[in-house]
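Notes for the structure review
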Amino acid sequence: MSPTHNHDAKFAYGAGQIDPVKAMNPGLVYDAIEIDYIIFLCRQSFNQSILQLITKDDIGRYDTVNASIRGLNYPSFALKTPRPKHHLSGSFKRTVTNVGLPTSIYRAIVTVPKGLTVSVNLSVLSFTSLGEKKTYILTIDGKLKRSISSASLVWDDENFQVRSPIIIFDERAEKGGGTNLYCINFIYIVIFNLLFYIIIE
């Protein structure tokens, strides 16, 4: 499934089977609240009337104009380069919450293809209590050799490995359909999570 042999990179395979025991104890979580999902959908060109059908709320009271689409605190990263073989650069801010061991130290392990640099401004996250939050910034820089490329970030404390996929692509990849399918599925997930927040309130 290497991108060398399969141009769809991470879109060419699934996420595997769920391990219910491990899913109940993930170590770190990426929390997001209702407004985070609303802002994301607004930046995806969903208009207020459509969102109000889902939320039954006045969307106009939220500042969705100045919000960034990358601001959704989600455990994956996707960056599109403006043009094929064009130099790209982008940053993502993420916050993780410790739900594993009260005292733990996570170290960043980045796997990245040649031609790209993926860096994290905090290579070590030290926690002293459950529920403690840490914020980091992931930066992608370089040039794509192919239409799509993938990398990964793993936070490892020797007990838990919290993995985030990273996708970098250009307009050629969108024509292939893989990234479009990813975007559609991602939007469905965002809407589902938003509905979940509304139902439990």
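Details of the structure are given in the entry above.
Everything in this summary refers to the structure shown in the same document. (Residues numbered from 1 in each chain as written. Predicted model: local features only at pLDDT ≥ 70, side-chain atom pairs only at ≥ 80, totals over all residues. Heavy atoms only, no water.)

The subject of this paragraph is the environment of S104. Residue placement: S104 occurs in strand β4 (residues 104-111). Note: C-alpha distance between S104 and L130 (26 residues apart in sequence) is 9.6 Å. If near-sequence neighbours (up to four positions away) are discounted, S104 is found in contact with N98, L125, S126, F127 and D157. A polar contact is formed between the side chain of S104 and the backbone oxygen of L101, at a distance of 3.3 Å. (Helix = DSSP H or I, 4+ residues; strand = E, 2+ residues; numbered from the N terminus. Contact = heavy atoms within 4.5 Å. Polar contact = N/O pair within 3.5 Å; in protein donor to acceptor, adjacent residues only side chain to side chain.)

Looking at the secondary structure, you find T95 in strand β3 (residues 88-98). Considering only alpha carbons, one finds T95 and D31, 64 residues apart in sequence, at a separation of 7.4 Å. Setting aside its immediate chain neighbours within four residues, T95 contacts V29, Y30, D31, N73, K133, K134 and T135. Side-chain polar atoms of T95 contact the side chain of T135, separated by 2.8 Å.

Our next topic: the sheet that holds strand β6 (residues 124-127). Spatial strand order, β2-β9-β8-β4-β6: five strands in an open sheet with mixed pairing. Of all the strands in the sheet, the pair left with one neighbour each is β2 (77-80) and β6. The mean angle between the axes of side-by-side strands here comes to 15 degrees, regardless of whether they run parallel or antiparallel. (Pairing = 2+ DSSP bridges. Axes fitted to C-alpha atoms, helices over the stretch in contact; angles between N-to-C directions.)

In the structure shown here, the tally under the stated rule is two salt bridges. A salt bridge links D31 to K133; the shortest N-O distance between them is 3.6 Å. With D31 in the loop between β1 (28-29) and α2 (34-43) and K133 in strand β7 (residues 133-142), the pair connects residues that are 102 residues apart, well separated along the chain. (Salt bridge = Lys/Arg side-chain N within 4 Å of Asp/Glu carboxyl O.)

Before going further, it helps to spend a moment on the side chain of D156. Residue placement: D156 occurs in strand β8 (residues 148-156). Despite being buried, D156 has no salt bridge partner; R107 is the closest side chain of opposite charge, sitting 8.1 Å away. Among the polar contacts made by the side chain of D156, one reaches the side chain of Q161 at a distance of 3.1 Å. For D156, the contacting residues outside a window of four places in its chain are I105, Y106, R107, I109 and Q161. (Buried < 20%, exposed > 50% of the residue type's maximum accessible area, 1.4 Å probe, protein only. Lys, Arg positive; Asp, Glu negative; His and termini not counted.)

Turning next to α2. Buried residues dominate α2, accounting for eight of its 10 residues. Among all positions in α2, only E34, I35, Y37, I38, I39, F40, L41 and C42 are buried.

A few words on the environment of K143. Locating K143 in the fold gives a position in the loop between β7 and β8. Taking relative accessible area as the criterion, K143 reaches 47% and is therefore assigned partly exposed. For K143 and H86, which are 57 residues apart along the polypeptide, the C-alpha to C-alpha distance reads 6.1 Å. Once residues lying within four places of it in the same chain are set aside, the contact partners of K143 are K85, H86, H87, G115 and L116.

Glycine aside, a negative phi is what most residues show, and trans is what most peptide bonds show. In this structure, E158 takes a positive phi of about 75 degrees despite not being glycine. Within the element layout of this structure, E158 appears in the loop between β8 and β9 (161-169). The exposed category is assigned to E158, whose relative accessible area is 74%.

Another point: the nonpolar core. Core analysis: the biggest nonpolar cluster contains 24 residues, and Y106, Y136, L138, I140, W155 and I166 have the highest contact counts within it. Residue assignment for this core shows that the elements contributing at least two residues are β2, β3, β5 (116-120), β6, β7, β8 and β9. The contacts of L138, once residues within four sequence positions are left out, are F77, G90, S91, F92, V118, S119, V120, L153 and I166. If you look at the next biggest cluster of nonpolar residues, it comprises 12 residues, including I35, Y37, I38 and L41. (Core = buried A, V, L, I, M, F, W, Y, C linked by side-chain atoms within 4.5 Å.)

Taken together, the four strands give an open sheet; going across it, the order is β1-β3-β7-β5, and neighbouring strands pair in antiparallel fashion. The strands lining the two open edges of the sheet, one partner per strand, are β1 and β5. The sheet contact formed by β1 and β3 spans two bridges and is antiparallel. By the bridge assignment for β3, V29 is matched with T97.

Remember that the coordinates give geometry; whether it matters functionally is a separate question.
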